[in-house]
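Chains, contacts and geometry: an overview
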Amino acid sequence: MRVPLLDLSGQYRALAEPLRAEIDEILATQEFILGPKVRAFEAAIAAYCGVPHAIGVSSGTDALLAILMALGVGPGDAVVTTAYTFFATGGCIARVGATPLFVDMDPVTYNISPRALEEYLANKCQQRQDGSIADIAGRTVRAIMPVHLFGLCCDMDPIMAITQHYRLQVIEDAAQAIGAEYPGANGTAQAGTIGGCGCFSFYPSKNLGAAGDAGLLICRDDALAEGLRICRQHGMEPRYFHHFIGGNFRLDEIQAAVLNVKLPHLDGWSAARRRVADVYREEFSRRGLDDHLELPAEPYRAAGLTNHHIYHQYVIRTPRRDALREHLTRREIGTAIYYPVGLHQQQCFDYLGYNEGDLPETERAARETLALPIYPELTREQQAAVVDAIAEFFDRPAV
Ligand SMILES: Cc1ncc(COP(=O)(O)O)c(C=O)c1O
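These numbers were taken from a predicted model, which means no experiment stands behind them.

Cut-offs and rules
Residues numbered from 1 in each chain as written. Predicted model: local features only at pLDDT ≥ 70, side-chain atom pairs only at ≥ 80, totals over all residues. Heavy atoms only, no water. Helix = DSSP H or I, 4+ residues; strand = E, 2+ residues; numbered from the N terminus. Buried < 20%, exposed > 50% of the residue type's maximum accessible area, 1.4 Å probe, protein only. Contact = heavy atoms within 4.5 Å. Near = heavy atom within 4 Å. Polar contact = N/O pair within 3.5 Å; in protein donor to acceptor, adjacent residues only side chain to side chain. Areas by Shrake-Rupley, 256 points an atom, 1.4 Å probe, with all protein chains shown as cover. Phe/Tyr/Trp six-rings, centres within 6.5 Å; stacked < 30°, edge-to-face > 60°. Disulfide = S-S within 2.5 Å. Core = buried A, V, L, I, M, F, W, Y, C linked by side-chain atoms within 4.5 Å. Axes fitted to C-alpha atoms, helices over the stretch in contact; angles between N-to-C directions. Parallel < 35°, antiparallel > 145°, perpendicular 65-115°, else oblique. Left-handed = near helix turned anticlockwise from the far one by under 90°. Nonpolar A, V, L, I, M, F, W, Y, C, P; charged D, E, K, R; others polar. Arc of directions from axis to C-beta.

**Some words on the side chain of His-327**
- You can see His-327 is positioned in helix α10 (residues 321-330).
- Note on His-327: relative accessible area 7%, which makes it buried.
- Not counting the four nearest positions on each side in its chain, His-327 is found in contact with Ala-389, Glu-392 and Phe-393.

This is how it looks when you write it as structure tokens:
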């Protein structure tokens, strides 16, 4: 049985009518950019996340870029992040002229390791007399960018404690984690609402996907929100008066309209993804495959949170990853590798001078992880086909 890694057609079929009506309305009004649909979407997301400000932008990448620009991060600055992430995280830091500093990840959650972060800041950086902190090359460390990978929140309490100690900004890359919850010491918190600013992507394959590129920033600080609104229009306020260099990071009405239709379904879809993850777990364990595979960790499940994981991706690991992937491809099962190379080893970052072995857990994950099909419409039969094919690979009899 053919099982694609992702199939969005079922979701479209269910929502075709309201989606088409919304798009027709926009075509009738010819209001395409930063209009009422964008304002409605911003208000809806702000309410969903429980924050005062939501600023729609053109993509998740542009959300990251906009916050770095609005904070004035640039040449001579550095931002600490994980190397085990989509390129945009590190790429945006470099694009504003700052230096990405990569620390290793936690091998269980795949998220940035608070211990590695703490060790890096304590041992490889120096606090200056004015309280700012510099890396070994004298660059000012301005911010930390944790990434809530695959739909699981980073362990934010220790990260926030470290960043408060060093007085660093926290920019949450929540591109993959809208709605994911974290059981913090101060209560349950949503991805993107814990640091100073949260960035979301609505790339079509995300749990909440647009019909093209779209993104959004959330924050609590009024002045920062104002800066971000100005930044998304070339730093312009009022018209044709430019405070600083921003960009064209505007969200368009058609994307916002699609997202307005889909947002009320988001939590239901994430719950359906969790059910798919539960079936994988039960089936892998019933067939004895959990000896061969490491399954995704669910560190916050016991805390009783609903969205303890939103399973943007379902990622397993095995040292035999490449052979398993080839086998699944032969069986017409879609898989993907997120990510085959840590950012510290990307050719474009050669100039940063990282070497093999610098981030051993990132490098091991890049060799061993494999994403399996997960989406709300995935059927039991399709899941059984995935599990059967994996059992066949590990030579486990059918049961
Ligand atoms: C972790 C992470 N950061 C940033 C982005 C960038 O988002 P976009 O593709 O909307 O530009 C993505 C997108 O996949 C992502 O996964």
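**A short note on the site of the ligand**
- What surrounds the ligand is a group of 14 residues, the closest being Gly-60, Thr-61, Asp-173, Ser-201 and Lys-206.
- Gly-60 places a polar main-chain atom, nitrogen or oxygen, 2.8 Å from an oxygen atom of the ligand.
- In this structure, an oxygen atom belonging to the ligand sits 2.5 Å away from a side-chain N or O atom of Thr-61.
- Burial of the ligand by the protein amounts to 92% of the accessible area it has alone, namely 390 Å².

**Considering the packing of aromatic side chains**
- Evaluation of the coordinates by the stated rule reveals 15 aromatic pairs.
- An aromatic cluster is built from Tyr-84, Tyr-110, Phe-150, Tyr-338 and Tyr-339, whose rings are joined through pairwise contacts.

**Brief notes about the state of the cysteines**
- Applying the stated rule across the entire model yields 0 disulfides.
- A disulfide-free cysteine, Cys-154 has its sulfur positioned 7.4 Å from the sulfur of Cys-153, the nearest such atom.
- The thiol sulfur of Cys-197 is not disulfide-bonded, and the nearest other cysteine sulfur, from Cys-199, lies at 4.5 Å.

**A few points about unusual backbone geometry**
- Cis peptide bonds are those with omega within 30 degrees of zero, and the linkage from Glu-237 to Pro-238 qualifies with -10°.
- If you trace the backbone, Pro-238 turns up in the loop between α7 (222-231) and α8 (253-262).
- Positive phi values are uncommon outside glycine, yet Gln-30 reaches one of about 60°.
- By secondary structure assignment, the location of Gln-30 is in the loop between α1 (9-29) and α2 (36-49).
- Of note in the backbone geometry, Tyr-240 takes a positive phi value of approximately 75° without being a glycine.

**Examining the nonpolar core**
- One finds Phe-41, Ile-45, Val-80, Leu-121, Phe-202 and Leu-208 to be the most contacted residues of the largest nonpolar core, which totals 54 residues.
- Secondary structure elements with two or more residues in this core: α2, β2 (77-82), β3 (99-103), α5 (114-124), β6 (140-145), α6 (156-166), β11 (215-219) and α8.
- Sequence-distant contacts of Ile-45, that is, excluding residues within four places in its chain, are made with Ala-54, Ile-178, Phe-202, Leu-208, Leu-216, Ile-218 and Leu-263.

**What about the packing of α2 against α8?**
- At a minimum axis distance of 8 Å, the contact between α2 and α8 shows a crossing angle of 40°. It follows that α2 is oblique to α8 by the angle criterion. The crossing of α2 and α8 is left-handed. Across the interface between the two elements, Pro-36, Lys-37, Val-38, Ala-40 and Phe-41 from α2 touch Glu-253, Ala-256, Ala-257, Leu-259 and Asn-260 from α8.
- A class-by-class count of the residues in the contact of α2 with α8 yields 7 nonpolar, 1 polar and 2 charged.

**Some details on α10**
- Taken residue by residue, α10 has Arg-321, Leu-324, His-327 and Leu-328 as its buried positions. Projected onto a plane normal to the axis of α10, the buried residues spread over an arc of 125° and lie on a single side. For α10, exposure combined with an orientation more than 90 degrees from the buried face picks out Glu-326, Thr-329 and Arg-330.
- Looking at the packing, one finds that the buried side of α10 touches β12 (314-317), α11 (360-368), β13 (369-372) and α12 (380-393).

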